[in-house]
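Analysis of the macromolecular model
As a plain string of letters, each chain reads:
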Amino acid sequence: MELMFAGLALGGLYALLAMGLTLQYGVARILNLAYGIFVIAAAFGAYVAKVQLGISPIVALLFSLPLGFGLGWALYSLLLLPLVRRTRAGPQLDIDSLLATFGLMFVIEGALLWIFGGNFYSYSYLSHPVYIAGTPVEANRLVVILVALALTLLLHVGMNRTRLGLAVRAVEVDPATAVLAGIDARTISALVFGVGGAVVAVSGVIISMFLPFSVSMATEFLMKALLVVVMGGLGSISGCLLAGMTLGFGETIVARFIDPGLTLAVNFGLFIVVLSVRPAGIFGRTV
Amino acid sequence: MLDVSGLSVSYGMHVALAEAVLKVDRGEVVVLLGANGAGKSSLIKALAGLVRYVTGAHIRLGATDLTRLAPHQIVGAGLACVPEGRGVFGSLSVRENLTLGAYSATDHVRFRDRNELVLALFPKLKMRLRQSVQTMSGGEQQMVAIGRALMSGPVILLLDEPSLGLSPAASDELFAAIRRIADLGTGVLMVEQNARRSFAIADRAYLLENGAIVRSGNVNTFLDDRVLIRAYLGGD
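Quantities reported herein were computed from a predicted structural model and do not represent experimental measurements. Within any chain, residue numbers begin from 1 and follow the written order of that chain's sequence. Lettering for chains starts from A, numbering for ligands starts from 1, and both go in the order in which the items are written. The predicted nature of this model means local features are confined to residues of pLDDT at least 70 and side-chain atom pairs, given and counted, to a pLDDT of 80 or more, with totals for whole chains, interfaces and linings taken over all residues. Hydrogens and water molecules were not included; the side-chain quantities draw on all heavy atoms of the structure.

Comments concerning the overall build of chain A
Going along the chain from the N terminus, every DSSP run of H or I of four or more residues is numbered as a helix, and every run of E of two or more is numbered as a strand. Check the secondary structure of chain A and you find 11 helices and 2 strands. Secondary structure elements of chain A occur, N-terminal to C-terminal, as α-α-α-α-β-β-α-α-α-α-α-α-α. Expected size for 287 residues packed as a compact globule is a radius of gyration near 19 Å; at 19 Å, chain A falls within 12% of this value. Counting only C-alpha atoms and orienting by the principal axes, one finds that chain A spans roughly 60 × 45 × 35 Å. For chain A, with 287 residues in total, the buried portion stands at 53%. Excluding contacts between residues fewer than 6 apart, the proportion of contacts in chain A whose partners are at least 24 apart in sequence is 78%. The positive count covers Lys and Arg only, the negative count covers Asp and Glu only, and His and the chain ends enter neither. Working definition for charges: the position is that of NZ of Lys, CZ of Arg, CG of Asp or CD of Glu. Of the side-chain charges in chain A, 14 are positive and 11 negative, and the distance between the mean point of each set is 10 Å. Radius of gyration means the value over C-alpha atoms here, while the globule rule gives 2.2 Å times the residue count to the 0.38 power. Each residue's exposure class comes from its accessible area (1.4 Å probe, protein chains only) as a fraction of the maximum for that residue type: buried when under 20%, exposed when over 50%, partly exposed otherwise. Any two residues having at least one pair of non-hydrogen atoms within 4.5 Å are treated as being in contact.

Structure below.
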């Protein structure tokens, strides 16, 4: 039981992390290498809010949504849109946007290192146990699980049941035809970067609630998110949930019963198994 | 309604279209005739805003100056386009494709009317609304593509090689539907390799040679010309 909740929390976090990236990469077709460092920046934001300003992480969570959306939207509109215009969304855009977001990653990483240094940070919040069917579960893990599931559901419904979501999927499937249907791919891309930013901010705040974090973990989070995105199938929200849970449970089980040092090996092991069976990911489309 | 003049397209040094002048009204089918590379597709793409054209062109749809609009705004202004090679969202369902076609129009009452119109034109689609478009035949995909374009409620519909790759039976069905679309009030401008079939439903035609419109007029005047018939309609 306890193992199940640990797996659910970690899996939920991975799924959440991947959802923002799968939208940005799948729809706007830009791989945002600064993704991981934004997650860590949000975690530090929640830390400062809790420890120095006395703001509850739950309140921070609510504020992080519009703030993250605004930052993501601005990132696309100010930094990436000029590149999209210049390259006319051609192959050169891949290289230019990789370099731009890679550079941005170093800028933010440098700033965070300068302010906070390289140590691990954590705070205690809702760490008392709640008993579910007689099993003690830390309350903050329940928050993580609930938030991850709620956001997954929200994004899934938004993508599959709304007019705007349909337009987002149209851009993902075929940007050239989307234009013919009267959809502005750039507005949709900016929107998707905003939603990705909101997801990043929420992920960061959630991480700060139950895991010790440091600046150096940014790359790990980027890599895990990328792993889950590719495993789940690019652009698929349900794929993120399934692949995220697979990794979360895989890691938890191996760390508990074999050795915590094997988690990365488990990640890539699962990755290879899934991709050898389904090369386009669990819910991936072969184009 | 659609009023074009001075429309030129160049790719580097190559002039694909030079100073094109044409007109399409509501309710008529106009065919663009010409050999490969004559500039037919460039003309269609320029009108839809998909290729850049030399500045100074005059493209008006009614009172709207289309040269000032971005490609995605041109649809909303009343000019819809089905490019060569379909223009459908392959992994989405028929219903989703049609819904997306109406993205630029937000009027729900008219949405229902148009949806009914499209399904009346292409009754085959009615049974397949949930089917993913990429699993359908070429003829059915072309119906979805045209249906998608009609969902925006266009004044003028541009079709680039709609019968390409279709069986003779599917082509006949398609051309009959195109005639009905025009009779219901939409102007159709189409590029067609299959000149003989398209002339059967067309009102007027333009002939393009090396990027220039060299002849225009009623289809009957084209059919009277033996040289033209041999060159573009095959046989005599």
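So much for the structure itself; the text now carries on.
Brief notes about the side chain of A:Ser208
Tracing the backbone through its elements, the reader meets A:Ser208 in helix H8 (residues 185–210). With residues near it in sequence (within four places) discarded, A:Ser208 still touches A:Ala43, A:Ala46, A:Tyr123 and A:Phe213.

Remarks on empty space enclosed by the protein
Residues are called lining when one of their atoms sits within 4 Å of a cavity or pocket point, these points coming from a 1 Å grid over the protein atoms alone, where a cavity is a set in which a 1.4 Å probe fits but cannot get out and a pocket is an open set with protein on both sides within 12 Å along at least five of seven lines. Grid points are joined across faces, edges and corners, and a volume is the space filled by probe spheres set on the points. Per the stated rule, a full pass over the model turns up 2 cavities of 30 Å³ or more. Here the largest cavity defines a volume of roughly 40 Å³. As for the largest cavity, its lining consists of A:Val179, A:Leu180, B:Ala48, B:Leu50, B:Pro71, B:Ile74, B:Val75, B:Leu79 and B:Cys81. When residues of the lining of the largest cavity are traced back to their parent elements, those giving at least two are helix H7 (175–180) of chain A together with helix H2 (71–77) and strand S6 (79–82) of chain B. Per-element tally for the lining of the largest cavity: the top contributor is H2(B), with 3 residues. Put simply, Ala, Val, Leu, Ile, Met, Phe, Trp, Tyr, Cys and Pro go in the nonpolar bin, Asp, Glu, Lys and Arg in the charged bin, and everything else, Gly too, in the polar bin. For the lining of the largest cavity, a count of residues per class yields 9 nonpolar, no polar and no charged. Volume-wise, the second largest cavity comes out at about 30 Å³.

Thoughts on the side chain of B:Asp160
Residue and element names in this part refer to chain B. Within the secondary structure, Asp160 sits in strand S7 (residues 156–160). Between Lys or Arg on one side and Asp or Glu on the other, a salt bridge is scored when a side-chain nitrogen of the former is within 4 Å of a carboxyl oxygen of the latter. It turns out Asp160 is buried and unbridged, and the closest side chain with the opposite charge, Lys45, is 5.8 Å from it. Of the polar contacts made by the side chain of Asp160, one reaches the side chain of Ser41; its length is 2.8 Å. The residues contacting Asp160, other than those within four sequence positions of it, are Ser41, Ile44, Val82, Pro83, Glu84 and Val191. Definition of a polar contact: a pair of N or O atoms within 3.5 Å, with one able to donate and the other able to accept a hydrogen when the atoms are protein atoms, and with sequence-neighbouring residues admitted only if both atoms are side-chain atoms.

Brief notes about helix H1 (residues 2–27) of chain A
All names here are of chain A. By definition here, a helix of n residues has an expected span of 1.5 Å times n minus one. Between the first and last C-alpha of H1 there are 37 Å, a value that for 26 residues agrees with the 38 Å anticipated at 1.5 Å per step. By the criterion of burial, H1 is predominantly enclosed, with 21 of the 26 residues buried. Backbone geometry just downstream of H1 places Arg29 in the positive-phi region, at approximately 60 degrees.

Concerning the layout of surface pockets
The space that makes up the largest pocket amounts to roughly 1,200 Å³. Taken together, 38 residues line the largest pocket, and the ones lying closest to its centre are A:Arg88, A:Val179, A:Arg186, B:Gly49 and B:Pro71. Contributing elements (two or more residues each) for the lining of the largest pocket: helix H3 (57–87), helix H4 (92–116), H7 and H8 of chain A together with H2 of chain B. Of the residues forming the lining of the largest pocket, the biggest block, 5 residues, is contributed by H7(A). Among the residues making up the lining of the largest pocket, the classes are represented as 21 nonpolar, 9 polar and 8 charged.

In short, shape yes, function no, at least from these values alone.
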